[in-house]
Amino acid sequence: MKIICIGRNYSAHIKELSNKMPSSPVIFLKPDSSIIPKNQKFIIPSFSNNIQHEVELVLKIKKVGKHIDTSFSNKYYNEIGLGIDFTARDIQTKLKDNGQPWEKSKAFDNSCLIGSFLSKNMIEDTSDIEFSLKKNNQTVQLGRSSEMIWKFDELISYVSRYFTLKIGDLIFTGTPSGVSKINSGDLLEGFINSNQMFSIKVK
Ligand code: ZN
């Protein structure tokens, strides 16, 4: 299985990092070794002094497909979850400045938290899902799927032009604004509406 991540999909987050608005989705991958095992803490790696949280809605692919037309994207997922794309921002900034790939900052061990999933039919309106991240009981990120530059169906179609989607593949759909540095002892909790989707301690 593979984890496909979308960068720069919320304009307020593009602004907070002073990035340019992309003309097509920014895509990168995380390997399966980046997944945090269930109930484990996030351990801050020694190579970074600025690990940031990026809370994101996650689509779980249920059907093999390539060159998927946007009008059929809907048939390729029926679960929506929430996760964190942990990012070594200091490393990423250096890589970006040098025009190098982002993997060291985005795909390292334990950089991918996958929370629970909700079945699509449990969600009233998938085009306007509210989700949030609390850090130490304070809401630090709050987003809505309606604010995405590229919506779920467009992302599935676009990604499938380059990568065959397989059953169980995950698409992280980008983070809203409010990313910040995490510290040892922090507690991170993610929500879709009022449903708690994950809870993780930082070590
Ligand atoms: Zn991200």
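It should be noted that the structure appears before, not after, this text.
Residues numbered from 1 in each chain as written. Predicted model: local features only at pLDDT ≥ 70, side-chain atom pairs only at ≥ 80, totals over all residues. Heavy atoms only, no water.

Here we look at the coordination of the zinc ion
Move 1: With distances of 2.0 to 2.1 Å, the protein atoms coordinating the zinc ion are Glu 54 (OE), Glu 56 (OE) and Asp 85 (OD).
Move 2: Read N to C, the donor residues that coordinate the zinc ion are spaced as E-x1-E-x28-D. Each member of the pair, Glu 54 together with Glu 56, is buried. (Donors = N, O, S within 2.8 Å, 3.2 Å for Na, K, Ca; no water. Buried < 20%, exposed > 50% of the residue type's maximum accessible area, 1.4 Å probe, protein only.)

Section: the pairing of strand 1 (residues 3-7)
Move 1: In terms of burial, strand 1 is a largely internal element, 5 of the 5 residues being buried.
Move 2: Side-chain alternation along strand 1 places Ile 3, Cys 5 and Gly 7 on one buried face and Ile 4 and Ile 6 on a second face that is also buried.
Move 3: The pairing of strand 1 with strand 10 (residues 170-172) spans 3 bridges and is parallel. Across the sheet, Cys 5 pairs through a bridge with Phe 172, a residue of strand 10. (Helix = DSSP H or I, 4+ residues; strand = E, 2+ residues; numbered from the N terminus. Pairing = 2+ DSSP bridges.)

Considerations on the environment of Ile 43
Move 1: Summarising the element assignment, Ile 43 is placed in the loop between strand 2 (26-30) and strand 3 (51-52).
Move 2: When the C-alpha atoms of Ile 43 and Ser 127 are compared, they prove to be 34 Å apart, with 84 residues separating the residues in sequence.

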